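Here's the letter readout for the chains.
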Amino acid sequence: MLDDLLSMEDLTADHITTILDTAEGLKDIALRPIKKVPVLRGRTVCNLFFEDSTRTRISFEIAAKRLSADVINFSAKGSSVSKGEGLKDTALTLQAMGVDAIVVRHSASGAPQQLTQWVEAKVLNAGDGWHQHPTQALLDLFTIRQKLGRIEGLRAAIVGDVFHSRVARSVAQGLVTMGAEVTLVGPPTLIPPGAEHWGVAVTHDLDSVVEKTDVMYLLRVQRERMGEQFFPSSREYARVWGVDQDRLARLAQGAIVMHPGPMNRGVEITADAADAPNSVITEQVTNGIAVRMSCLYLMLGGEEVVT
Ligand code: NCD
């Protein structure tokens, strides 16, 4: 279906629907006593992580193992990268060892794209700089469809640190492709210039959209990427752009609250809101495995029927 998975920009609504439908079929493998199917037996997947990660790396590892692929975990710490080996030589080394797919996370936007020039293996982007994180967007779309029955026509608000967020760029793009109405909400300093051209609305007033929101998507305040002050204080951020029980109660009927993790409880979301019944944050994590299985399966296996 796809040679590589680099950006939500490359995916049509049909591609997205195929990935979500395939994930639907793979999801129940997790409920079996033996959570494994042999469709990628003999294939080798390398997780190449140059940036920290908990859920994305583990999720890709579980996904590949449930499809019976062999998995190699590579992190820059403890490898020859710490001796100065660059991305190209690392990639060529993996290629020479015959890996079939490389799942890559890198702090430089465009690193996964670059990798495709050097290796035959399929490349899956697991987050590059501020640019893209397509499997996060796909698992979010899967969760929205599962919880609300559709994506088209829904009103989604993506709230917070859009500026530094590859997740926001990917999720907004995926939602727009699937026909949802998207509004970006945050302080002017955290909305990227030119965001209006993404096919979304922009507001700085969260309370003006709360009642009209079916999907409230909160972003992590990315302190590690902030070289300067973008807002007065965490307390002020929480008051103006955070979600608490009061804002939760004012959401549209049946609305859901999402967050890609890791959360700063007490900043973009209060602890009680994070654990509220309409928060689907843990379901996002669970669904991430099925969606990544689907991507790996469609890119590496394909023809064999999963039974
Ligand atoms: C995100 C990431 O690393 O881009 N986390 C994730 O993959 N679940 C979001 C973040 O770090 O805020």
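Residues numbered from 1 in each chain as written. Predicted model: local features only at pLDDT ≥ 70, side-chain atom pairs only at ≥ 80, totals over all residues. Heavy atoms only, no water.

Enquirer: What am I meant to see in unusual backbone geometry here?
Expert: Comment: phi is negative for the bulk of residues other than glycine, and the bulk of peptide bonds are trans. With an omega dihedral of -10°, the bond running from Gly261 to Pro262 counts as a cis peptide bond. On the secondary structure map, Pro262 appears in the loop between β9 (256-258) and α9 (271-274). Positive phi values are uncommon outside glycine, yet Ser68 reaches one of about 70°. Relative to the helices and strands, Ser68 is located in the loop between α2 (55-66) and β2 (70-75). For Ser68, a relative accessible area of 16% gives the class buried. (Helix = DSSP H or I, 4+ residues; strand = E, 2+ residues; numbered from the N terminus. Buried < 20%, exposed > 50% of the residue type's maximum accessible area, 1.4 Å probe, protein only.)

Enquirer: Looking at this structure, how should I read the environment of Leu2?
Expert: The topology assignment puts Leu2 in the segment before α1 (13-27). Between the alpha carbons of Leu2 and Lys122 there is a distance of 9.0 Å; along the sequence they are 120 residues apart. Leave out the neighbours within four places in its chain, and Leu2 touches Leu11, His15, Lys122 and Met299. (Contact = heavy atoms within 4.5 Å.)

Enquirer: Quick question: what am I supposed to make of the sheet that holds β2 here?
Expert: In a beta sheet, neighbouring strands are held together by backbone hydrogen bonds and run either parallel or antiparallel to one another. Judged by pairing direction, the sheet is parallel, and its four strands sit side by side in the order β2-β1-β3-β4 without closing on themselves. Only two strands of the sheet have a single partner each, and these edge strands are β2 and β4 (122-128). Shown here is a sheet whose adjacent strand axes are inclined to one another by a mean of 15°, direction ignored. Here strand β1 (residues 44-49) runs beside strand β3 (residues 101-106); their pairing, made up of five bridges, is parallel. When the bridges of β3 are listed, Leu48 appears paired with Val104. Relative to the sheet, helix α4 (residues 111-118) contacts β1, β3 and β4, its axis offset from that of β4 by approximately 160°. (Pairing = 2+ DSSP bridges. Axes fitted to C-alpha atoms, helices over the stretch in contact; angles between N-to-C directions.)

Enquirer: Help me understand the site of the ligand in this model?
Expert: All residues adjacent to the ligand are Arg55, Thr56, Arg105, His133, Gln136, Arg166, Val167, Arg220, Gln222, Pro260, Gly261 and Pro262. Residue Gln136 places a side-chain N or O atom 3.3 Å away from a nitrogen atom belonging to the ligand. The contact in question runs from an oxygen atom of the ligand to an N or O atom on the side chain of Arg220, over 2.7 Å. Considered on its own, the ligand offers 310 Å² of accessible surface; in the complex 93% of this is hidden by protein. Taken together, the residues of the shell around the ligand sort by class into three nonpolar, five polar and four charged. (Near = heavy atom within 4 Å. Polar contact = N/O pair within 3.5 Å; in protein donor to acceptor, adjacent residues only side chain to side chain. Areas by Shrake-Rupley, 256 points an atom, 1.4 Å probe, with all protein chains shown as cover. Nonpolar A, V, L, I, M, F, W, Y, C, P; charged D, E, K, R; others polar.)

Enquirer: Looking at this structure, how should I read the pairing of strand β5 (residues 155-159)?
Expert: Where a strand is regular, its side chains alternate between the two sheet faces. With four of its five residues buried, β5 lies for the most part within the structure. Pairing of β5 with strand β6 (residues 181-185), which is carried by five bridges, proceeds in the parallel orientation. Counted as the bridge partner of Val159 is Val185 from β6. In this view, the connection linking β5 to its parallel neighbour β6 by way of helix α6 (residues 166-177) has right-handed handedness. Taken together, the four bridges between β5 and strand β8 (residues 215-218) define a ladder with parallel strand orientation. Along β8, the bridge assignment pairs Ala157 with Met216. (Right-handed = clockwise from strand over helix to strand, strands pointing away.)

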